[in-house]
Amino acid sequence: MLIRTRHGWEIPESQATPEAAFLDRRAFLAAGAGAASIAAGVTPASAQWFASSQPNLDRKPDPTDDLYPARQNPAFTLDRAMTPEIVAAGYNNYYEFGSSKNIWKQAEAKKTRPWTVTIDGLVEKPFEIGIDDLIRRSQLEERLYRFRCVEAWAMAVPWTGFTMKSFLDIAKPTSAAKYVRFETFKDPSVAPGQRQTWYPWPYAEAITIEEAANELPLMVTGVYGKPLRNQFGAPLRLILPWKYGFKSIKAITRVSFTADRPKSFWEQLQGAEYGFWANVNPEVAHPRWSQATEQLIGTQGRVPTQLFNGYAAQVAHLYKGKESEKLYL
Ligand code: MTE
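Reference entry: report on the structure contained in this document. Every value quoted in this text rests on a predicted model; they were computed, and no experiment measured them.

The rules behind these values
Residues numbered from 1 in each chain as written. Predicted model: local features only at pLDDT ≥ 70, side-chain atom pairs only at ≥ 80, totals over all residues. Heavy atoms only, no water. Core = buried A, V, L, I, M, F, W, Y, C linked by side-chain atoms within 4.5 Å. Buried < 20%, exposed > 50% of the residue type's maximum accessible area, 1.4 Å probe, protein only. Contact = heavy atoms within 4.5 Å. Phe/Tyr/Trp six-rings, centres within 6.5 Å; stacked < 30°, edge-to-face > 60°. Helix = DSSP H or I, 4+ residues; strand = E, 2+ residues; numbered from the N terminus. Pairing = 2+ DSSP bridges. Axes fitted to C-alpha atoms, helices over the stretch in contact; angles between N-to-C directions. Polar contact = N/O pair within 3.5 Å; in protein donor to acceptor, adjacent residues only side chain to side chain. Near = heavy atom within 4 Å. Areas by Shrake-Rupley, 256 points an atom, 1.4 Å probe, with all protein chains shown as cover. Nonpolar A, V, L, I, M, F, W, Y, C, P; charged D, E, K, R; others polar. Salt bridge = Lys/Arg side-chain N within 4 Å of Asp/Glu carboxyl O.

1. A short note on the nonpolar core
Most often, soluble globular proteins keep nonpolar side chains buried together rather than apart. Among the nonpolar cores identified, the biggest contains 86 residues, and Trp159, Phe182 and Phe257 are the most heavily contacted of them. In this structure Phe257 touches Ile119, Asp120, Gly121, Leu122, Val123, Leu168, Ala171, Pro173, Ala177, Tyr179, Val180 and Ile209, once residues within four positions along its chain are discounted.

Here it is in C-alpha cells:
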C-alpha cells in the first residue's frame, strides 16, 4: 500500500468530505463489507486519498487558447493569497469521476469537444449552441474570487468566463421564467461515478432569475489564465462565489428556464442538509458541523467564514423579504 505524508491542509477525508463519507459509508454498508475499517475511521474515500497523486499540469492544445489570458476585471480583489494552481488542480469535488478529492486523472477521460449546450424551457426560442461559438460570442474576463465549499474548506481562484447576465441576453428567457436550471452530461461509460445508481444523475443545480441577473455569477470557461482543465468542469461551469460550492455546477450541457423551483442533485439526495439557497453564513451551522471557520487549502490555517463569503454588498439585497426561507442551508 502506498503511504504518503499528509500536508497540514489535508484534513482527513472522513472530515473534509461529508457527502462522500456519508454516501460511501452507506454504499459500503449496503454491500455488507468494510465494517471494521469504518469503525477505525477509514472510509473507502480516505483510503483513495492516501493513495493519491499530484496533478499533471501539462496541457493539450485547446480551440480557444488564443483567448487566454483574458483581461482581469479590477473590481474583484482578494483579501488572501491565491491558491496555487497545483493545489487547486489536485483537490476537486467531481462525483461523476469518484468521491475522492483526487479525481484529476479520471476526469481526463471525458472528451470536451464537440460540446453543445441546449437552452430551453421558458425562452423566446429553444436552441443549441456549440461551446466554441458560445465562448467567441461572449466577452471573457478574469475575476479573482473566494470559493467556499460546504465542507468548510476554501480557496481563492482566478476564474475566466463571461457573466451569467450576458448569457441571459443570448438565451432570451420570457417574463414567465423564475428559475434557471443547469444540467451536466450523463455518460457512465466515461464517468464511473455515474454507474453508482443511488445518485440522481445527471448532476443538476438551479438559481433564481434575479440571482442569475446579478453581477457575480460567472459562466466559467477558464482558470489560472488558461482554458478550464477537466477536473474544474471543462468546458463550461458556473461559479457563484457567495454560495456553497456545490451550487457551482461543472460541465454544463443544458440550461433551462422554468416557472417552478427545480430540485438540485444534492437536494434530492439529502434535502435536510443541502438546500436550494445554500448562501454562505458563519452563524448557521450545517446539521453535522460548524461553518464558523474555513480551512484554506494549501495552507496550515483556518480563517473566519464571512457572511455571503464576503460578497454581502453585491447580493444581500436579493434575499430581502425571503427571511422565512432556509437561506443558509
Ligand atoms: N459539478 C458536477 N457536475 N459534479 C460535482 O460533483 N461538485 C460540486 C461543484 N460542482 C460537483 C460539481 C462541489 S460539491 C464543489 S465544492 C465544487 O464543484 C468543487 O469545485 P472545484 O473542484 O473546482 O473546487
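2. A closer look at the packing of aromatic side chains
Overall, the coordinates contain 26 aromatic pairs when judged by the stated rule. With a centroid separation of 5.2 Å and an interplanar angle of 80 degrees, the aromatic rings of Tyr95 and Trp266 are classed as edge-to-face. Here the residue Tyr95 occupies a position in the loop between helix H5 (85–88) and helix H6 (104–107), and Trp266 occupies one in helix H10 (residues 265–270), the gap between them amounting to 171 residues. Per residue, the accessibility class of Tyr95 equals that of Trp266, and both read buried.

3. Focus: the sheet that holds strand E10 (residues 252–258)
The strand order E2-E1-E10-E5-E6 describes an open sheet built from five strands, whose pairing is mixed. Each of the sheet's edge strands pairs with one partner strand only, and the pair in question is strand E2 (127–130) and strand E6 (204–208). Within the sheet, the average angular offset between the axes of one strand and its neighbour, ignoring direction, is 20 degrees. Sheet topology places strand E1 (residues 116–121) next to E2; four bridges connect them, and they run antiparallel. From the neighbouring strand, Ile119 faces E2, where its bridge partner is Phe127. Against the sheet, helix H8 (residues 164–171) makes contact with E1, E2, strand E5 (179–184) and E10, and its axis sits at roughly 75 degrees relative to E10, the strand it touches most.

4. Some points on the pairing of strand E3 (residues 141–148)
Among the eight residues in E3, eight count as buried, and that is most of the element. Side chains Glu141, Arg143, Tyr145 and Phe147 of E3 all project onto a buried face; the interleaved residues Glu142, Leu144, Arg146 and Arg148 project onto the opposite face, where all are buried too. Both E3 and strand E4 (residues 153–163) contribute to a ladder of eight bridges, which runs antiparallel. Looking at the pairing, Glu142 lines up with Thr160 of E4. Adjacent in sequence and paired antiparallel, E3 and E4 are bridged by four residues, among which Ala152 carries a positive phi angle near 75 degrees.

5. Focus on the environment of Lys243
Tracing the sequence through the fold places Lys243 in the loop between strand E9 (237–239) and E10. When the C-alpha positions of Lys243 and Phe147 are compared, they lie 8.4 Å apart, and in sequence the two are 96 residues distant. Looking at Lys243, its side chain comes within polar contact range of the side chain of Glu211, at 2.8 Å.

6. Digging into the site of the ligand
Taken together, 18 residues lie around the ligand, and Tyr95, Glu96, Arg237, Ser248 and Lys250 are the ones closest in. Tyr95 places a main-chain nitrogen or oxygen 2.7 Å from an oxygen atom of the ligand. Residue Glu96 places a side-chain N or O atom 2.8 Å away from a nitrogen atom belonging to the ligand. Within the complex, the protein chains bury 100% of what would otherwise be the 530 Å² of accessible surface of the ligand. Counted by class, the shell around the ligand contains ten nonpolar, five polar and three charged residues.

7. Describing the pattern of salt bridges
The tally for this structure, following the rule as stated, stands at 20 salt bridges. Notably, a salt bridge pairs Glu108 with Lys105, separated by 3.4 Å at the nearest N-O pair. Members of the salt-bridge network, linked through shared partners, are Asp79, Arg80, Arg146, Arg148 and Glu294.

8. Notes on the side chain of Thr160
With respect to the secondary-structure elements, Thr160 resides in strand E4. When its relative accessible area of 0% is taken as the criterion, Thr160 is described as buried. Setting aside residues up to four positions removed in sequence, Thr160 forms contacts with Tyr68, Ala70, Leu140, Glu141, Glu142, Met219, Val220, Thr221, Gly222 and Val223.

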